[in-house]
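Listed here are the chains, written in short residue letters.
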Amino acid sequence: MQESPSWQLQVGTPASAIAGDVFGYSGYDEHVARPVRRLEIGTPCPTLIIGLGSEFRVSPISSRSGFTCQSLFVGPAASPVTVEHGGELRCIEVSLSPWATAAIFGSAGGWPEHVSPLNEVWQRAGGELEDTLAGSPSWAARFEMLDQIFGSEILARCAPPSKLRWAWNEVRHLGGDARVNKLAASLGWSSRHFISKFQEITGLTPKAQARRWRFQKVRRYLDQTLLSLAQVAALCGYSDQSHLTREFRELGSCTPAAYRAVRFSDLPGLPAEATEAQ
């Protein structure tokens with residue numbers, strides 16, 4: 001558990017039966033005497049943000065209009081958004097494999113391409129789910145409840161291990177080093193067939209998925225090391241620092257320098273103002 005006077009993070013490990021498809025639980029609890037506007041950048045995995053008793057305002061950085069909701073679905077293709085709450089926030093973040101996501105919400109063709117209210121893709125959300133979780137006596141009890149909810153869906157409907165699951169895990173591991181033609185050849189498929197089937201199941205082409213995993217690798221270096229941007233660019237396979245910066249702006253809506261430097265003093269994450277920093 002991590003905590004400070006203004007926030008707490010509790011991490012949970014999914015039950016072993018679903019751990020290959022539910023990658024982790026993170027419980028957040030924030031209490032500050034001011035509104036908070038945060039830049040939220042998605043991950044290559046479909047992600048759920050389940051609010052427990054409070055709503056937040058979501059504003060796409062693009063021209064789309066904002067909305068207020070209690071829980072979110074963040075698909076693998078979703079662009080960054082700003083999320084605002086009034087100073088009190090309690091929620092659970094859950095990362096899923098594409099196969100678990102399909103078992104719970106249906107095939108990837110129906111997943112929103114932008115950050116959306118969770119109840120638009122899951123009828124269970126929008127009141128019942130959030131209220132039940134909020135009423136649980138502890139984070140451990142909430143995580144156990146999610147094990148039961150996800151387990152009943154995933155174990156009954158999740159597709160068994162397949163060539164595509166192997167390929168997705170290879171792309172996840174290799175990131176920017178993944179080569180479509182080599183992966184397709186390993187499966188005995190043409191590149192065209194492989195790309196089509198991969199996107200049908202995961203919601204992204206192999207190249208788009210690899211691009212996001214490489215970006216995720218950059219974020220880890222920026223979060224956990226003091227390496228220069230040029231060093232990070234080289235380690236992650238970008239041609240130079242300028243290439244890294246262009247990619248970071250497109251996928252993260254801020255520069256890598258701002259991502260590293262513009263931080264809250266008393267909370268985790270990035271202020272929305274990171275999008276304006278140079």
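Computed from a predicted model, the values in this text were never measured in an experiment. The residue numbers shown here count from 1 along each chain, following its written sequence. Owing to the predicted nature of the model, reporting of local features is limited to residues with pLDDT of at least 70; listing and counting of side-chain atom pairs is limited to 80 or more, with chain, interface and lining totals taken over all residues. No hydrogens and no water enter the side-chain calculation; it runs on all heavy atoms of the structure.

**Some details on the environment of F56**
The condition that has to hold: Runs of H or I in DSSP of at least four residues are treated as helices and runs of E of at least two as strands, each being numbered from the N terminus. A 1.4 Å probe rolled over the protein chains alone gives each residue an accessible area, and that area as a share of the maximum for its type sets the label: buried under 20%, exposed over 50%, partly exposed in between.
Among the structural elements, F56 can be located in strand β6 (residues 56-60). Relative accessible area serves as the criterion here: at 4%, F56 is assigned to the buried category.

**With respect to the environment of C69**
Tracing the backbone through its elements, the reader meets C69 in strand β7 (residues 67-69). For C69 and P117, which are 48 residues apart along the polypeptide, the C-alpha to C-alpha distance reads 6.1 Å.

**What to know about the pattern of salt bridges**
Stated formally: Should a side-chain nitrogen of Lys or Arg be within 4 Å of a carboxyl oxygen of Asp or Glu, the pair is scored as a salt bridge.
Per the counting criterion, the structure on display carries 10 salt bridges. Put simply, E30 and R38 hold a salt bridge, and the shortest N to O gap is 2.8 Å. With relative accessibility at 8%, the residue R38 sits in the buried group. Across the salt bridge formed by K197 and E200, the nearest N and O atoms sit 3.4 Å from each other. Taken together, the positions of K197 and E200, both in helix α6 (residues 191-202) and 3 residues apart, correspond to about one turn of that helix. On the accessibility criterion, K197 (26% relative accessible area) is partly exposed. Taken together, the salt bridges that share partners define one network made up of R211, E247 and E250.

**Points about helix α4 (residues 163-174)**
An α-helical segment advances 3.6 residues per turn. Residues three or four places apart therefore align on the same side. Spelled out, the test is: In a helix, the anticipated span is given by 1.5 Å times the number of residues less one. When we speak of the arc, we mean the arc of directions from the helix axis to the C-beta atoms. The contact rule is simple, with two residues in contact once any of their heavy atoms fall within 4.5 Å.
Between the first and last C-alpha of α4 there are 16 Å, a value that for 12 residues agrees with the 16 Å anticipated at 1.5 Å per step. Among all positions in α4, only L164, R165, A167, W168 and V171 are buried. Each buried residue of α4 lies within a common arc of 160° when the element is viewed along its axis, so the set occupies one face. Buried positions along α4 lie against β3 (22-31), α1 (98-105), α5 (180-187), α6 and α7 (206-224).

**Re the environment of A102**
Summarising the element assignment, A102 is placed in helix α1. When the C-alpha atoms of A102 and S16 are compared, they prove to be 19 Å apart, with 86 residues separating the residues in sequence. Ignoring any residue separated from it by four or fewer positions in sequence, one finds A102 in contact with S107 and W111.

**What about the nonpolar core?**
Stated precisely, the cut-off is as follows: Within this scheme, the nonpolar core is defined by two criteria: the residues are buried Ala, Val, Leu, Ile, Met, Phe, Trp, Tyr or Cys, and they are joined through side-chain atoms within 4.5 Å.
Core analysis: the largest hydrophobic core is formed by 43 residues, its most contacted members being L48, I50, V94, F105, L118, W122 and F150. Ranked by the residues each element gives to this core, the list is headed by helix α3 (residues 139-157), at 6 residues. Leave out the neighbours within four places in its chain, and W122 touches L48, I104, F105, L129, I149 and F150. Within the second largest apolar cluster, 17 residues are counted, among which are A233, Y238, C254 and A274.

**Describing the packing of aromatic side chains**
Any pair of aromatic rings gets described here by the distance separating the centres and the angle formed by the planes. In plain terms, the rule: Pairing of aromatic rings covers Phe, Tyr and Trp, the last through its six-membered ring, and needs centres within 6.5 Å; plane angles under 30 degrees mean stacked, over 60 mean edge-to-face, and all others mean tilted. Only when the NZ atom of a Lys or the CZ atom of an Arg is both within 6 Å of the ring centre and within 35 degrees of the ring normal do we say a charge sits over the ring.
A complete count under the given rule lists 11 aromatic pairs for this structure. Seen in terms of ring centroids, F105 and W122 are 5.4 Å apart; in terms of plane orientation they differ by 80°. Their pairing is edge-to-face. Highlighted residues: F105 in helix α1 and W122 in the loop between β11 (116-117) and α2 (128-134), separated in sequence by 17 residues. Among the residues examined, F105 registers a relative accessible area of 13% and is labelled buried. Classification of W122 as buried rests on a relative accessible area of 6%. Pairing F215 with F248 gives two aromatic rings, centres 4.8 Å apart and planes at 65°, and the pair type is edge-to-face. Taken together, the positions of F215 in helix α7 and F248 in helix α9 (residues 241-252) put the pair 33 residues apart, joining distant regions of the chain. An aromatic cluster of at least three residues, connected via ring pairs, comprises F23, W99, W168 and W213. Looking at R172, its charged tip hangs above the ring of F23, at a distance of 4.5 Å from the centre.

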